[in-house]
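Residues per chain are reported as follows:
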Amino acid sequence: MSSERPDRSDRVELLQGTLDLIVLRALATMGPLHAYGIAARLEQVSDHPFTLNQGTLYPALVRLEQRGWIKGAWQKTEHNRDAKYYAITKAGTKALGREADRWRRLVGLVNKLLLAEPD
Amino acid sequence: MRRVLLRLMNVMGPARAEREAEREIEAHLALIKEDFQARGMTEAEAQRRARLSLGGLQQVKERHGDARTIVWLDDARRDAGYGIRVLRRNPIFALTATASLAIGIGATATIFGAANALLLRTAPGVSEPDRLVEITETNGSFGIHPMSYPNLLDVRDRATTLEGVFGYDLNLRPMSLRVQGDAGAEAIFGDVVTMNYFTVLGVRAAIGRVFGAEDSERLDASPIVVLSDRFWERRFAKNSSVVGQTLRLNDHAFTIVGVAASDFHGTTVGSPDVWVPAGETPFVDRGYDAREFGWGLAGARLKPGVSVGHAAAEMNALARALARDYPAENRGLTLGVSRSSPIPAGLRLLVAGFLTFLMMLVSVVLAIACANVAGVLLARAAARRREMAIRLAIGAGRGRLVRQLLVETMVLFAVACAAGLWLAHGMTALLLSTLPAFPIPVDVSLPLDGRVTAFTIGVSLVTSLLSGLAPALHASKANVVDALKDGVQGAAERLRARHGFVVGQVAFSVLLVVTAGLLVRALGRASSVDQGFDPHGVEAVTLDLTLGGYTRESGPLFVRDLVGRVRELPGVQAAAAAFAAPNDRLTGFSLSIPGRTSPRGESSVQAVGNIVTPGFFATTRIEIVAGRDFNSDDGSARPVVIVGESAARQFWPGARVQDVLGREIVWNPFIDRSGQTAPPHAAFAGTTLTVVGVARDLRSSDAGDVRPFVYIPFQQQYSPDVTLLARTVHGERVANDLRTLIARMNPNLPIVSDRTLEEQTGPVVVQLRVAAAIAASVGAVGLLLAGIGIYGVTAYAVARRAREIGIRVAVGARRADVMALVIGEAMSLVAVGAGAGLLLASGVGHLLGRFLYGVPPLDPLTFASSALLFIAVGLIACYVPVRRAMRISAMEALRCD
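Residues numbered from 1 in each chain as written. Chains lettered and ligands numbered in written order. Predicted model: local features only at pLDDT ≥ 70, side-chain atom pairs only at ≥ 80, totals over all residues.

(A) Region of interest: the overall build of chain A. Helices and strands together make up the secondary structure of chain A, namely four helices and three strands. Helices (α) and strands (β) of chain A occur, in sequence order from the N terminus, as α-β-α-α-β-β-α. Buried positions account for 28% of the 119 residues belonging to chain A. Taking the intrachain contacts of chain A between residues at least 6 apart in sequence as the baseline, contacts between residues at least 24 apart amount to 45%. (Helix = DSSP H or I, 4+ residues; strand = E, 2+ residues; numbered from the N terminus. Buried ≥ 20, exposed ≤ 12 C-beta atoms within 10 Å, placed from the backbone. Contact = placed C-beta atoms within 7 Å.)

(B) The arrangement of the overall build of chain B in detail. Helix and strand counts for chain B come out as 27 helices and 23 strands. Here chain B, with 897 residues, has 44% of them falling under the buried criterion. In chain B, the proportion of contacts linking residues at least 24 apart, taken out of those at least 6 apart, comes to 84%.

(C) Structural context of the sheet that holds strand β1 (residues 33-34) of chain A. Residue and element names in this part refer to chain A. Reading across from one edge, β1-β3-β2 is the order of the three strands in this open sheet, with antiparallel pairing throughout. The sheet is open, and its two edges are formed by β1 and β2 (70-76), each paired on a single side. Pairing analysis gives seven bridges linking β2 to strand β3 (residues 82-88), with the strands arranged antiparallel. Its bridge partner being in β3, Q75 is matched across the sheet by A83. (Pairing = 2+ DSSP bridges.)

(D) Representation of helix α10 (residues 308-325) of chain B within the structure. Taking 1.5 Å of rise per residue, 18 residues should cover 26 Å, and α10 of chain B covers 25 Å from first to last C-alpha, within 8% of that figure. Those residues of α10 of chain B hidden inside the fold are in contact with β1 (132-139), α7 (149-158), β3 (162-168), β11 (297-302), α11 (327-330) and β12 (333-339) of chain B. (Expected span 1.5 Å × (residues − 1).)

(E) Representation of unusual backbone geometry. Residues and elements named next belong to chain B. Unusually for a residue other than glycine, A237 sits at a positive phi of about 50°. Within the secondary structure, A237 sits in the loop between α9 (229-236) and β8 (246-249). Even without a glycine there, the phi angle at R621 is positive, about 60°. Checked against the element boundaries, R621 lands in the loop between α19 (616-620) and β17 (624-627). In this structure R621 comes out as partly exposed when scored by C-beta crowding, with 16 C-beta atoms within 10 Å.

(F) The arrangement of the environment of E408 of chain B in detail. All names here are of chain B. On the secondary structure map, E408 appears in helix α14 (residues 398-433). Between the C-alpha atom of E408 and that of V86, which follows or precedes it by 322 residues, the distance is 8.4 Å. Excluding its chain neighbours within four sequence positions, the residues that come into contact with E408 are D79, Y82, G83 and V86.

(G) Local environment of the pairing of strand β5 (residues 186-193) of chain B. Residue and element names in this part refer to chain B. Most of β5 is tucked away: seven of the eight residues are buried. By the bridge criterion, five bridges tie strand β4 (residues 173-178) to β5 in an arrangement that is antiparallel. The partner of S176 across the bridge, within β5, is A187. Of the pairings in the sheet, the one linking β5 to strand β10 (residues 274-277) comprises four bridges and is parallel in character. Within β10, the residue paired with V192 across the bridge is V276.

(H) Inspection of the packing of helix α2 (residues 35-45) of chain A against helix α3 (residues 57-66) of chain A at higher detail. Residues and elements named next belong to chain A. It is the contact of α2 with α3, at a shortest axis distance of 11 Å, that shows an interaxial angle of 115°. Relative to α3, α2 is oriented roughly perpendicular. Crossing of α2 over α3 shows right-handed handedness. Contacts between α2 and α3 involve A35, I38 and A39 on the former and, on the latter, L57, Y58 and L61. When the residues that make up the contact of α2 with α3 are grouped by side-chain class, the tally is six nonpolar, no polar and no charged. (Axes fitted to C-alpha atoms, helices over the stretch in contact; angles between N-to-C directions. Parallel < 35°, antiparallel > 145°, perpendicular 65-115°, else oblique. Left-handed = near helix turned anticlockwise from the far one by under 90°. Nonpolar A, V, L, I, M, F, W, Y, C, P; charged D, E, K, R; others polar.)

(I) The confidence of the model for chain B, seen in detail. Residues and elements named next belong to chain B. Overall, the predicted model of chain B reaches an average pLDDT of 80, with 84% of residues at or above 70. The lowest-confidence element of chain B is helix α1 (residues 2-12), averaging 55 in pLDDT; the highest-confidence one is strand β14 (residues 572-578), averaging 92. In the predicted structure, residues 670-683 sits below a pLDDT of 50 and forms 24 contacts with residues beyond four places in sequence or in another chain. Prediction confidence for the complex, expressed as pTM and ipTM, is 0.69 and 0.72 respectively. (pLDDT = per-residue confidence, 0-100.)

(J) Representation of the confidence of the model for chain A within the structure. On average, residues of chain A carry a pLDDT of 76, and 76% of them reach 70 or more. pLDDT under 50 marks residues 1-11 of chain A. Its contacts with residues more than four places away, or in other chains, come to seven contacts.

(K) Local environment of α3 of chain A. Residue and element names in this part refer to chain A. Most of α3 is tucked away, with seven of its ten residues classed as buried. Among all positions in α3, only L57, Y58, P59, A60, L61, V62 and L64 are buried. Immediately beyond the C-terminal end of α3, within one or two residues, lies G68, with a positive phi of roughly 80°.

(L) Highlighting the packing of helix α1 (residues 18-30) of chain A against helix α4 (residues 90-116) of chain A. All names here are of chain A. Where α1 meets α4, the closest approach of the two axes is 10 Å, and the angle between their N-to-C directions is 130°. Between α1 and α4, the crossing angle belongs to the class labelled oblique. Considering how the two elements wind past one another, α1 and α4 form a crossing that is left-handed. Along the contact surface, α1 presents L21, L24, R25 and A28, while α4 presents G92, T93, A95, L96, E99, A100 and W103. Here the contact of α1 with α4 is composed, by residue class, of seven nonpolar, two polar and two charged.

And the structure:
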């Protein structure tokens, strides 16, 4: 019940923790978004058919909100619907910088390893 | 931290967070739908796709939830909620289980509360109790006994690990309080303490001041006194003008310097009215300079950071030094250090032993209650096997299921724990009410403090795990395939476990009932035992003649005068005075029999003795079997003695009682090392006494054995401690007449205590009474629970075997056969349980041994009636299931699936 099962399809699997980074990034560039808006944004920026199971966004949103990196508030959409908009906080912006840095280092390391090893 | 808090908040108030999440997901769905519709899909299609892309609504919510709260805590909350619902659905089970557990838990909490108040905590009202210790002196074979004043001063001066050493008197001292305008004197109880008593304990004054450095320890300093808060309230209505006034104690003027803080009642259970500094009590004839004389108890405060062990090591060395410096008085001296508690070290073992016995009794009833609950849970586990199997099949972990079942059990125990704590208040009051009136003021409040609460919660937790684990493991062991098929598998094993629980319940209940029976029988024997005198209708008034200013010369005259006047009171049939009442603790004498040495070569023999006026034997109705009572002519000119029958037999083996008359006994000098109430002997030592009478032996209701007795006439041996005995014609009370009479004769002489001989009971009888009351109550609860257990398992057996019984009926079994079948099964459990219980009880009987007053440990009456009782309970418990079984028809058997 509590374990997250990996999706089987050919969807790009997200590394543990990267979703948080992506969400933060999206909120930093786009300003406040609701969950669906975030999902749409992710689909839009990925050239690969990156179809996210939108449900998986929620644990990330809750996690980020609990850390105080984002803040949610109920607002009206342009079609006058209620939706919970998430905005990045100051702490979130700082964290984004930190996390992005770490990510780049990690990617660099993985790349180096991949290049060093013959296929 | 913030996250943990948020999560915790979500565990506490999940409903709000869940609603919020639901609303958000709804909004999300709506947004996707809107988008898809905008791209030209139909509403239904858009709805379906929306749900698809969100990935299963419930799953989303659960994931949402998982991230939101601490999962296991949330699970526990859900399980607890489920547990409460299950309990609500079975109110009868919930009620009996909670009630029985609450009684068991409450009883253990009560006994632990008593142990905590008496043994584990320091007396209330002192500061930094963790550093307070007692210093106990032992000397050779004497055991723990009071320390001499010079030794106390040496310990105080030489100790480096102790911050302060104080001394106090264990026995509260009766003092005569004379208030202007009152008819007579009132006896109040004071404790004699060293001047640093309050400062070392860290007790402050409510008003005025306590003893302090400014007070001189010189014997001739002007006498001062500190009042207890209770005494201040009782006698002075908390009037603060008392500070500086004089209090006339034992006809001496004491200046009241202050009142001690209201929460301080002394360092022991004895709760004094006043505190008087040692050294300045002119009426206290105890030797402050005698190193061989036991003066009082010593307490001390450890220096910060010093452990008890460290201090004990120093005391050990100090004791050796004291023994070296004063070899005559301190030979074999040892000093021990122990944490301070209201029961002083010398008595702690005794009290602890008794409380342990009570704890065992109440633990047994708790065990029975647990077995009862475990049995019912096991039955429920069987019913829920299918549910468990399904949950296992769809992937729930076994650990998760066990956890759920345990949490359900814990809900039950949590309710029982709360109820038990509540019950413990009432039970504590009940326990205190079984105690007799104390001759001195005592502080026996048994507060249910944090430690008792923690203990109770701990006990509930442990017992809930113990009684919940077996059923939980059993239920979660479901073999998925078998359980889903029909759920029969495991029935035999489960039944065995249930039978085991019932057998255990019966065995433990039998144990309790037999113990209660033995104790009640012993109590009956102890109170009806022929003590050798007739206690009915005898008023006993205790006086301390020194309080009235009497001396060795004036005392005997006053006593003769008093006894004469009491005899003339209306309603009084006979009167006499004695050192002690016949059922009091008597003093020990050391005697020599001329021309005879004991088998061990000692020339002296020990006897217990009493000092009595003429008329004592008539007043107490102790039969004189040979010779005569003392008369007014007996005195120092020709010293005489009356001996008990067994003393006569022991001193002059083979002699007939008539032959004993005229024989002689030599009084030995005797030093009472313990400093306890012993009459002064010195002037009397070495006297030869002639036997003028032989009296019937006294049997102490406490010890049950017979000791050699000797009686000395009061004219011959003065004792300032006097008990006035008055036998009335019709058993009426004359205490008030005696009080008026004494007040008229000497307004300064207070009555220390008054009672009838009948109501006076020794400490062992009191213990017996408390133990019997507790054993009987828990025995009754145990009996009831065992009955419920037998009923439960029999009813279950009948339900399970309905089909079999139906078939038996179909092939011709008679009702009597069915009855025999059901009763046979139930009673075999009772038989096994009762057998085991009787076996256990025989062990307890031997353990109680000498407290049983000659009731044999395997008392046939008690054992047989207990066995019969359980057969009766078993049959009653079977009644309803048997009726049900006998009504099963062949048709029913076929119908039942």
